[in-house]
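Reading the structure
The residues making up each chain are set out below.
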Amino acid sequence: MPQKLVPVVLTLTGRNKIFRSKEAAQRHAAGRMVRPLPFAPPQRLRDDVSITREDIEGWPVYSIVPRRSAPRGRTVFVHGGGWVNEIAARHWQLAARIAAEAGTTVTVPIYPLVPRGTAEHVVRGVASLVQDSMDRDVGTRLFGDSAGGQIALSATMRLRDAGTTLARTVLLSPAADLTWSNPRIDDVQPRDPWLRRPGGEYFGELWRADLPATDPSVSPLYGDFEGMGPISIFTGTRDILNPDAHLLHDAARSAGVDVDFHEADGEVHVYALLPTARGKQDAQRIVDALRVR
């Protein structure tokens, strides 16, 4: 798909309507409570991976394993969706690609969404899932997009606090700061065809529950980056989360963290899940970053 058509398609399909106002976000969250969407992987994904499911502490957890070689290490993939939307087909497609091409097991937790799911509960659960993998002597990486990027980075910080340093954390369009206070958001907003601050603020309020917006389990930008393992960040310039991605890069780099930063000019939120030329290029870079060498 040509890059210039993406904003048109997003607008015509109404992808931004749930973010346009607090009222629209409230209606969407209420609707998802009454009519939750399915989360199981597509029946036909790829022939070169196998998929199993187990339930861990009440969460469905899927594992995608390459068929053609013994898996090396594990990637825990935390999907995005504004903390309110279920995992989508494009998430599953990328998860299967990572498993097949990086030769690693990809574990996909189906975490509870707002208002049932909250930052404290889900970040703790993801960190526990990663720690269990590490305790079995399986080298483990974390990957998350959008809201999943926030969860992944917050979990990485929690693990570091417990003495566990990950080999790499990969973030696609991460939501780093749920205070939404960066003044540059207003500069980017007119060019973002997908996200809007009013809906993001409402979903963030549900997500943080009793925690302050500046708690690192909610807004990892306010956390301590000292002693963290390498981080890869992918962000598009037509994304209101892009300004905070720059602050995230600067904060991590200032703390001595090895940061790999990829900025795609003119690309939208979670662009590496989309079939543009740059999206395909950076999807490959994500696969490579999660490859165990």
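Computed from a predicted model, the values in this text were never measured in an experiment.

Check the secondary structure of the protein and you find nine helices and eight strands. Taken over the C-alpha trace, the protein has a radius of gyration of 18 Å; the compact-globule value for 293 residues is 19 Å, and the two agree within 12%. Expressed along its principal axes, the backbone C-alpha trace of the protein runs to roughly 45 × 40 × 40 Å. Contacts in the protein between residues at least 24 apart in sequence constitute 77% of all its contacts with a sequence separation of at least 6. Summed over all atoms, the accessible surface of the protein reaches about 12,400 Å², with 49% contributed by carbon and sulfur.

Attention now moves to the UniProt feature "domain: Alpha/beta hydrolase fold-3" (unreviewed entry) in the protein. Sequence positions flagged by UniProt for "domain: Alpha/beta hydrolase fold-3" (unreviewed entry) are, in local numbering, residues 76-272. The straight-line gap between the two end C-alpha atoms of residues 76-272 is 18 Å; of that span, 38% is helix and 18% is strand.

Turning to the layout of surface pockets, a few remarks are in order. In this structure, the largest pocket occupies an estimated 790 Å³ of space. Arg15, Gly81, Asn85, Ala88 and Trp194 are the residues nearest the centre of the largest pocket, which is lined by 39 residues in total. For the lining of the largest pocket, the secondary structure elements donating two or more residues are helix H1 (6-12), helix H2 (22-34) and helix H3 (89-102). Counted by class, the lining of the largest pocket contains 21 nonpolar, eleven polar and seven charged residues. As for the second largest pocket, its lining consists of 13 residues, and the residues nearest its centre are Arg32, Pro36, Glu86, Leu113 and Arg116. Here the residues of the lining of the second largest pocket sort into ten nonpolar, no polar and three charged.

So, on to H3. An ideal rise of 1.5 Å per residue puts 20 Å on 14 residues; H3 measures up with 19 Å between its terminal C-alpha atoms. Listing the buried residues of H3 in full gives His91, Trp92, Leu94, Ala95, Ala96, Ile98, Ala99 and Ala102. At its buried positions, H3 is contacted by strand S1 (49-56), strand S2 (59-66), strand S3 (74-78), strand S4 (105-109), strand S5 (140-145) and helix H9 (277-289). Gly103 occupies a position one or two residues after H3 and carries a positive phi of about 65°.

Taken together, eight strands build an open sheet; the order of strands is S1-S2-S4-S3-S5-S6-S7-S8 and the sheet is mixed. This sheet does not close on itself; its edge strands, each paired only once, are S1 and strand S8 (259-268). This sheet shows a mean twist of 20° between the axes of neighbouring strands, independent of strand direction. Pairing analysis gives four bridges linking strand S6 (residues 169-172) to strand S7 (residues 231-238), with the strands arranged parallel. Residue pairing in the sheet places Leu171 in a bridge with Ile233 of S7.

Attention shifts here to the pattern of salt bridges. In this structure the tally under the stated criterion is ten salt bridges. In this structure, Arg124 engages Glu120 in a salt bridge whose closest nitrogen and oxygen atoms are separated by 3.0 Å. Placement of both Arg124 and Glu120 in helix H4 (residues 119-135) is noted, with a separation of four residues, approximately one turn of the helix. The class for Glu120 is partly exposed, based on a relative accessible area of 28%. Put simply, Arg197 and Asp186 hold a salt bridge, and the shortest N to O gap is 2.8 Å. Of this pair, Arg197 sits in helix H7 (residues 197-208) while Asp186 sits in helix H6 (residues 185-188); the two residues are eleven residues apart in sequence, bridging distant segments of the chain. A relative accessible area of 48% places Asp186 in the partly exposed class. A single salt-bridge network, built from bridges that share partners, covers Glu120, Arg124 and Arg158.

Conventions and cut-offs
- Residues numbered from 1 in each chain as written.
- Predicted model: local features only at pLDDT ≥ 70, side-chain atom pairs only at ≥ 80, totals over all residues.
- Heavy atoms only, no water.
- Helix = DSSP H or I, 4+ residues; strand = E, 2+ residues; numbered from the N terminus.
- Rg over C-alpha atoms; globule rule 2.2 N^0.38 Å.
- Contact = heavy atoms within 4.5 Å.
- Areas by Shrake-Rupley, 256 points an atom, 1.4 Å probe, with all protein chains shown as cover.
- UniProt positions renumbered as here; feature names shortened; annotations may be inferred.
- 1 Å grid on protein atoms, 1.4 Å probe; cavity = no way out; pocket = protein on both sides within 12 Å on 5 of 7 lines; lining within 4 Å.
- Points joined across faces, edges and corners; volume = space filled by probe spheres on them.
- Nonpolar A, V, L, I, M, F, W, Y, C, P; charged D, E, K, R; others polar.
- Expected span 1.5 Å × (residues − 1).
- Buried < 20%, exposed > 50% of the residue type's maximum accessible area, 1.4 Å probe, protein only.
- Pairing = 2+ DSSP bridges.
- Axes fitted to C-alpha atoms, helices over the stretch in contact; angles between N-to-C directions.
- Salt bridge = Lys/Arg side-chain N within 4 Å of Asp/Glu carboxyl O.

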